[in-house]
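# Report on the structure
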Amino acid sequence: QKEVEQDPGPLSVPEGAIVSLNCTYSNSAFQYFMWYRQYSRKGPELLMYTYSSGNKEDGRFTAQVDKSSKYISLFIRDSQPSDSATYLCAMSVNNNDMRFGAGTRLTVKP
Amino acid sequence: GAVVSQHPSWVICKSGTSVKIECRSLDFQATTMFWYRQFPKQSLMLMATSNEGSKATYEQGVEKDKFLINHASLTLSTLTVTSAHPEDSSFYICSARPGTTAEAFFGQGTRLTVV
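One structure accompanies this document, and this report is about it. (Residues numbered from 1 in each chain as written. Chains lettered and ligands numbered in written order. Predicted model: local features only at pLDDT ≥ 70, side-chain atom pairs only at ≥ 80, totals over all residues. Heavy atoms only, no water.)

### Here's the deal with the pairing of strand β9 (residues 85-92) of chain A
Residues and elements named next belong to chain A.
- The buried fraction of β9 amounts to eight of the eight residues, a majority that puts the element mostly inside the structure.
- Judged from the seven bridges that link them, strand β4 (residues 32-38) and β9 form a sheet pairing that is antiparallel. Bridge pairing in β9 links tyrosine 36 to leucine 88.
- Bridging between β9 and strand β11 (residues 104-109) involves three bridges; their strand directions are antiparallel. Looking across to β11, one finds that threonine 86 is bridged to arginine 105.
- Two elements, β9 and strand β10 (residues 99-100), share two bridges in a ladder whose sense is antiparallel. For methionine 91, the partnering residue across the bridge sits in β10 and is arginine 99. (Buried < 20%, exposed > 50% of the residue type's maximum accessible area, 1.4 Å probe, protein only. Helix = DSSP H or I, 4+ residues; strand = E, 2+ residues; numbered from the N terminus. Pairing = 2+ DSSP bridges.)

Listed below in structure tokens is the structure:
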């Protein structure tokens, strides 16, 4: 079993849709949870960072962490074509050792 | 957010030569930098963790004599791929973390092609 599981997609939605991206993990010691967006042939861009459980909202993006279920989510409201990218979840125990999901490829169609 | 600059963005080299990739934190001091490798349509694989002024910590399976990492200052880390071979062709990405916060910021990545 992989330490971090993420459905690679691809996921295709119409513009304006709500997008739900998810990751599950096996290591209960993870405390830091991140979501990155990566455009083709570019480095990942940090979108959201949460510590421990709970929700965090930033504009159209909402990150949720459920440590009891070892499950994290990223919601994108009013999705735009510019949101088309690969979304990577990442998590770590102590800052030094981030483990990434495989990434979900999202396409938002106009 | 903080800016991490990686150079070059792409490089083609001949088999057997060495290639150096630079990673700079432009607006913050990075006590820790990380080097990743990413194959097409796959996720990032951590290669090594680099702390300023000390030797890098390599992940299992990563050859330290082949992938030389130097973190001589708080704003610069370099990765040198020595005696490159075609199987070293990949997308290499660095990230840097300001202080002890968990947020790591990534460079633009370097696409290395060994011919």
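### Thoughts on the pairing of strand β3 (residues 19-25) of chain B
Residues and elements named next belong to chain B.
- Residues Val19, Ile21, Cys23 and Ser25 line the buried face of β3, whereas the alternating positions Lys20, Glu22 and Arg24 sit on a face that is not buried.
- The pairing of strand β1 (residues 4-7) with β3 spans four bridges and is classified as antiparallel. Considered in β3, the bridge of serine 5 is made with arginine 24.
- Sheet analysis places β3 next to strand β8 (residues 76-81), joined by six bridges and oriented antiparallel. Looking across to β8, one finds that cysteine 23 is bridged to serine 77.

### Observations concerning the packing of aromatic side chains
All names here are of chain A.
- One pass over the full model with this rule turns up eleven aromatic pairs over all chains.
- Seen in terms of ring centroids, tyrosine 32 and tyrosine 49 are 6.3 Å apart; in terms of plane orientation they differ by 10°. Their pairing is stacked. One end of the pair, tyrosine 32, is in strand β4; the other, tyrosine 49, is in strand β5 (residues 45-51), with 17 residues separating them in the sequence. Neither tyrosine 32 nor tyrosine 49 differs from the other in exposure class; each is buried. (Phe/Tyr/Trp six-rings, centres within 6.5 Å; stacked < 30°, edge-to-face > 60°.)

### Notes on the interface of chain A and chain B
- Listed as interface residues are 19 residues of chain A and, on the opposing side, 25 residues of chain B.
- For the pair chain A and chain B, the summed buried surface comes to about 1600 Å²; carbon and sulfur atoms form 54% of the total.
- Along the contact surface separating chain A from chain B lie four residue pairs in polar contact (both at pLDDT 80 or more).
- Secondary structure elements with two or more residues in the side of chain A that touches chain B: β4, β5 and β10 of chain A.
- Tallying contributions element by element places β4(A) first for the side of chain A that touches chain B, with three residues.
- Among the residues making up the side of chain A that touches chain B, the classes are represented as nine nonpolar, five polar and five charged. (Contact = heavy atoms within 4.5 Å. Buried area = accessible area lost by both parts, 1.4 Å probe. Polar contact = N/O pair within 3.5 Å; in protein donor to acceptor, adjacent residues only side chain to side chain. Nonpolar A, V, L, I, M, F, W, Y, C, P; charged D, E, K, R; others polar.)

Keep in mind these values describe shape, not function.
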